[in-house]
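Residues per chain are reported as follows:
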Amino acid sequence: MRIALFVTCFNDTLYPGTGKAVVTLLERLGHEVVFPAEQTCCGQMHYNTGYDRECGPLVRDFVKTFQPFDAIVVPSASCAGMVRENHVRVARAVGDPGLAEETRRIGPRVHELTELLVDVLGVEDVGAYFPHRVTYHPTCHSLRALGVGDRPLRLLRAVRGIDLVELPDAAECCGFGGTFALKNPDVSAAMGADKVARIRQTGAEVVCAADNSCLAHIGGLLSRLRTGVRTLHLAEILAATD
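Overview of the structure. (Residues numbered from 1 in each chain as written. Predicted model: local features only at pLDDT ≥ 70, side-chain atom pairs only at ≥ 80, totals over all residues. Heavy atoms only, no water.)

### Overview of the nonpolar core
What counts here: Throughout this description, the term nonpolar core refers to a set of buried Ala, Val, Leu, Ile, Met, Phe, Trp, Tyr and Cys residues connected via side-chain atoms within 4.5 Å. Exposure categories follow from relative accessible area, calculated using a 1.4 Å probe and restricted to protein chains: below 20% of the type maximum is buried, above 50% is exposed, and the middle band is partly exposed. The way it works is that DSSP assigns letters per residue, a run of H or I at least four long becomes a helix, a run of E at least two long becomes a strand, and they are numbered from the N terminus. By definition, residues are in contact when any of their heavy atoms lie within 4.5 Å.
Ranked by size, the top nonpolar core spans 34 residues in total, and within it Leu26, Val73, Leu117, Val126, Phe130, Ile237 and Leu238 carry the most contacts. Mapped by element, the contributors of at least two residues to this core are β1 (2-5), α2 (16-28), α7 (113-120), β5 (133-136), α9 (151-157), β7 (206-209) and α13 (234-239). When residues of this core are assigned to their parent elements, the largest contribution, five residues, is made by α13. The residues touching leucine 238, leaving out its near neighbours within four places in the chain, are Leu25, Arg28, Leu117, Val126, Ala128, Leu155 and Val159. Counting 27 residues, the second largest nonpolar core, distinct from the first, contains Phe6, Met82, Val83 and Val88.

### Examining the pairing of β7
To keep it simple, the criterion reads: Pairing between two strands is assigned when DSSP locates at least 2 bridges connecting them. By the criterion used throughout, a crossover qualifies as right-handed when its path from the first strand across the helix to the second strand runs clockwise, the strands pointing away from the viewer.
The side-chain alternation of β7 yields two buried faces, one formed by Val206 and Cys208 and the other by Val207 and Ala209. The pairing of β5 with β7 spans three bridges and is classified as parallel. Following the sheet pairing, threonine 135 is matched in β7 by valine 207. As paired elements, β7 and strand β8 (residues 230-233) share four bridges and run parallel to each other. Residue pairing across strands places cysteine 208 opposite leucine 232, the latter belonging to β8. Taken together, β7, helix α12 (residues 212-224) and β8 form a β-α-β motif whose crossover is right-handed.

### Digging into the side chain of serine 78
Topologically, serine 78 is positioned in helix α5 (residues 77-93). According to the relative accessible area criterion, serine 78 is buried, its value standing at 9%. In this structure, serine 78 is in contact with Gln44, His141, Asp211 and Ser213, ignoring residues within four places of it in sequence.

### Considering the sheet that holds strand β6 (residues 163-165)
The condition that has to hold: Angles shown run from 0 to 180 degrees and are taken between the N-to-C directions of axes, each axis being a line fitted to C-alpha atoms and, for helices, limited to the stretch in contact.
Strand order in the open sheet made by the four strands is β6-β5-β7-β8, with parallel pairing throughout. A strand with exactly one partner marks an edge of an open sheet, and here the two such strands are β6 and β8. Pairs of neighbouring strands in the sheet enclose a mean axial angle of 35 degrees, with direction left out of account. Two strands pair when backbone bridges link them, and β5 and β6 are joined in this way by three bridges, in the parallel orientation. Bridge pairing links threonine 135 to valine 165 in β6. Of the strands in this sheet, β7 and β8 are in contact with α12, which crosses β8 at around 175 degrees.

### Some words on the packing of helix α11 (residues 185-202) against α12
Heads up, the condition is: Angles below 35 degrees are treated as roughly parallel, those above 145 as roughly antiparallel, those between 65 and 115 as roughly perpendicular, and all remaining angles as oblique. In this classification, the charged set is Asp, Glu, Lys and Arg, the nonpolar set is Ala, Val, Leu, Ile, Met, Phe, Trp, Tyr, Cys and Pro, and all remaining amino acids, among them Gly, are polar.
Packing of α11 against α12 leaves a shortest axis separation of 9 Å and a crossing angle of 70 degrees. Classified by the angle between their axes, α11 and α12 sit roughly perpendicular to one another. Note on element contacts: α12 touches α11 through His217, Ile218, Leu221 and Leu222, opposite Ser188, Ala189, Gly192, Ala193, Lys195, Val196 and Ile199. Tallied by class, the residues present in the contact of α11 with α12 amount to seven nonpolar, three polar and one charged.

Here you go:
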């Protein structure tokens, strides 16, 4: 299958290793991965802050860039959710019915990584090997916007050598919430502290998730406490073979 990678601006700027891991993983499974260089931001930060109309050019750019592809993979549940759930709302806000129709057509072709692997490619064992104690944090957008369910856990359980441990109260928010962390820093830090305490209870060496934005928040708190616990995007675990 020919798959387009929408890497997202957060990953492209701060976590390029995640995008590389997605390419490594999908190519190992026998698929062609294309990176359209014209891609920009999905507009989530703008939309979440109330700038619906200002998102219009970004939505138009996304449609123009990715319209030729039958499958688009996004290593971010929050950005995948923005495209699938909110791009059509932006199109309506700018009064462009044609754009709204185009976003409706492209939405079903946009897949968060675990959705693509399990639902589209029909694979759970991706041939990964990761001999470490790992716990999984299900991010809010993966749970509530996309409803990925246990797909990430099914993929992780198939990884050779992994010691996968359950995270207590896993569904609780880590406190990042995009601009929420900037507007409500004290509440955000308190929520993050609760999440970190539960991660430490597991004895995990690594905490993984489908969103590097949440992992950045969690990782900062883990680092300040000098816990030695690493954060890794799910894609990097699934791409690992030694």
